[in-house]
Amino acid sequence: MDHGELLDFVREFDDGTTDSRNISEKCRDYYDSNQLSALERRALKKRKQPEVVINRIKPKMDGLMGMERQNRTTAKAYPRTPKHHKGSVAATEAVRYVLDRNFYPQVRSSCWDNLLMEGTGGAEVLVKEMGEGFEIVINHIQWDRLIYDPHARRKYFSDARYKGQYVWLDYDIALARYPDGRDVLESMIYGSSTFEDRPRWLDTTRKRVRIIELYWIEDGDWQYACFTGGGFLKGPRKSAFVTETGETEDPYEFASLFVTRDGVRYGAAYQLLDVQDEIN
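Residues numbered from 1 in each chain as written. Predicted model: local features only at pLDDT ≥ 70, side-chain atom pairs only at ≥ 80, totals over all residues. Heavy atoms only, no water.

Next up on the list: the overall build of the protein chain. Check the secondary structure of the protein chain and you find 9 helices and 11 strands. Projected onto its principal axes, the C-alpha coordinates of the protein chain cover approximately 70 × 60 × 35 Å. Relative to its full complement of 280 residues, the protein chain shows a buried share of 40%. Restricting the contact set of the protein chain to residue pairs at least 6 apart, pairs at least 24 apart contribute 61%. Within the protein chain, the 46 negative side-chain charges are centred at a point lying 7 Å from the centre of the 42 positive side-chain charges. (Helix = DSSP H or I, 4+ residues; strand = E, 2+ residues; numbered from the N terminus. Buried < 20%, exposed > 50% of the residue type's maximum accessible area, 1.4 Å probe, protein only. Contact = heavy atoms within 4.5 Å. Lys, Arg positive; Asp, Glu negative; His and termini not counted. Charge placed at Lys NZ, Arg CZ, Asp CG, Glu CD.)

Shown next as structure tokens:
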């Protein structure tokens, strides 16, 4: 796919997930006791009344988060047959090493937090060269940095055409990370202002650029590219991640707690919003 088609994916995501993101933001605000509208605040201020909020959502969500922490388990591989016992012991130690090195309980809890509150959470599983060998790296991705196919309906995004993430980077950091993309980054910062079109690509007040990493299915294979509004920084190329059968795949593990028939994704906190409004 060319650059323009990938930009269309990003615009499609921004337009197609508006309802889900609005619900997610409201759930997080209610959890943080930010539950009164500007009109309600003005009315209370006019009557010289305090902004009292009896938050019933936060204790409930904290309880569910505590249950996740209390029920953590340790990974263990089991042999299929008695002769595979030694192999299962080695597999168990290898998996535990990866999880311990990546502080997996904290990653898991962060994802669970996003599932409860915003409805969708995710992580990336990468292989990075470190010293003379390679290490598996597991990173939690903030819910509002995820990009996915809004037409996907399954909770685990197995039917998604594309998945990815984005970050905002200062110009000097982006230039150090993507030296081969200097021309693209300079065109964003010093060139035309057309990159301000929706979705937003440039923060001119601090010289920050929106960087997209995207994996998508094309011709039966997962493809990868890193780009911004002005062009490609890496790729496009076939995904470097493959299964044991040789099929390409993406490095992301995304999930949603609930999905409506219209594709709106939401978490456990959403079901308490009306009750909280009634209490208020």
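Let us keep going from here.
Further remarks concern a nonpolar patch on the surface. Taken together, the side chains of Val-52, Ile-54, Val-275 and Ile-279 present a nonpolar region at the surface, about 330 Å² in accessible area. Inspection of the secondary structure puts Ile-279 in helix H9 (residues 273–279). (Patch = residues over 30% accessible without salt bridge, like charges linked within 9 Å, V, L, I, M, F, W, Y side chains within 5 Å. Areas by Shrake-Rupley, 256 points an atom, 1.4 Å probe, with all protein chains shown as cover. Salt bridge = Lys/Arg side-chain N within 4 Å of Asp/Glu carboxyl O.)

Okay, the pairing of strand E1 (residues 120–130) next. With 5 bridges joining them, E1 and strand E9 (residues 252–256) adopt antiparallel strand pairing. Paired with Gly-121 across the strands is Ala-255, a residue of E9. Taken together, the 9 bridges between E1 and strand E2 (residues 133–141) define a ladder with antiparallel strand orientation. Within E2, the position partnered with Val-127 by the bridge is Ile-136. (Pairing = 2+ DSSP bridges.)

Take the nonpolar core next. Across soluble globular proteins, nonpolar side chains show a tendency to be buried alongside one another. The biggest cluster of nonpolar side chains holds 42 residues, and the ones touching the most others in it are Leu-185, Ile-211, Ile-212, Leu-214 and Phe-227. Sorting the residues of this core by element identifies helix H1 (3–16), strand E3 (146–148), strand E4 (162–170), helix H7 (171–177), helix H8 (182–190), strand E6 (208–218), strand E7 (221–228) and E9 as the ones contributing at least two each. Broken down by element, the residue count for this core peaks at 6 residues, all from E6. Contacts of Leu-185, omitting those with residues within four sequence positions, involve Tyr-171, Ala-174, Leu-175, Tyr-178, Val-209, Ile-211 and Leu-233. (Core = buried A, V, L, I, M, F, W, Y, C linked by side-chain atoms within 4.5 Å.)

Turning our attention to the confidence of the model for the protein chain. Taken as a whole, the protein chain shows an average pLDDT of 92; of its residues, 97% reach a score of 70 or greater. The spread of mean pLDDT over the elements of the protein chain runs between strand E5 (residues 202–203), the lowest at 78, and E9, the highest at 97. The model gives residues 193–198 a pLDDT under 50, and that stretch makes 11 contacts with residues more than four places away or in other chains. (pLDDT = per-residue confidence, 0-100.)

Of the volumes computed, that of the largest pocket is approximately 490 Å³. What lines the largest pocket is a set of 21 residues, among which Glu-124, Leu-126, Glu-213, Tyr-224 and Lys-234 lie closest to the centre. When contributions to the lining of the largest pocket are tallied by element, the ones reaching two or more residues are E1, E4, E6 and strand E8 (231–238). With 4 residues, E1 is the largest single contributor of residues to the lining of the largest pocket. Its residues placed into classes, the lining of the largest pocket shows 12 nonpolar, 3 polar and 6 charged. In this structure, the second largest pocket encloses a volume near 430 Å³. Tyr-104, Cys-111, Leu-115, Glu-253 and Ala-255 are, among the 19 residues lining the second largest pocket, the residues nearest its centre. Every element with two or more residues in the lining of the second largest pocket is listed here: helix H6 (104–117), E1 and E9. In terms of residues, the lining of the second largest pocket owes the most to one element, H6, which gives 6 residues. (1 Å grid on protein atoms, 1.4 Å probe; cavity = no way out; pocket = protein on both sides within 12 Å on 5 of 7 lines; lining within 4 Å. Points joined across faces, edges and corners; volume = space filled by probe spheres on them. Nonpolar A, V, L, I, M, F, W, Y, C, P; charged D, E, K, R; others polar.)

Let us now look at the packing of aromatic side chains. Under the counting rule described, the total for this entry stands at 11 aromatic pairs. Between Phe-227 and Phe-232, the ring centres sit 6.3 Å apart and the planes meet at 75°, which makes this aromatic pair edge-to-face. According to the relative accessible area criterion, Phe-227 is buried, its value standing at 0%. An aromatic cluster is built from Phe-13, Tyr-148, Phe-157, Tyr-215, Tyr-224, Phe-241, Tyr-252 and Phe-254, whose rings are joined through pairwise contacts. Across from the ring centre of Phe-13, 5.8 Å away, lies the NZ or CZ of Arg-21, which sits over that ring. Between the NZ or CZ atom of Arg-210 and the centre of the ring of Tyr-166, over which it lies, the distance is 4.1 Å. (Phe/Tyr/Trp six-rings, centres within 6.5 Å; stacked < 30°, edge-to-face > 60°. Lys NZ or Arg CZ within 6 Å of the ring centre and 35° of its normal.)

Okay, a positive patch on the surface next. Together, Lys-128, Arg-177, Lys-234 and Arg-237 make up a region of like positive charge exposed at the surface. Following the sequence through the fold, Arg-177 ends up in helix H7.

Reading across from one edge, E2-E1-E9 is the order of the 3 strands in this open sheet, with antiparallel pairing throughout. One side of each edge strand has no neighbouring strand; the edge strands of this open sheet are E2 and E9. Strand-to-strand, the axes of this sheet are offset by a mean angle of 15°, without reference to chain direction. Its contacts with the sheet put helix H5 (residues 85–101) on E1 and E2, and the angle it makes with E2 is roughly 55°. Strands E1, E2 and E9 of the sheet are contacted by H6, whose axis makes an angle of about 150° with E1. (Axes fitted to C-alpha atoms, helices over the stretch in contact; angles between N-to-C directions.)

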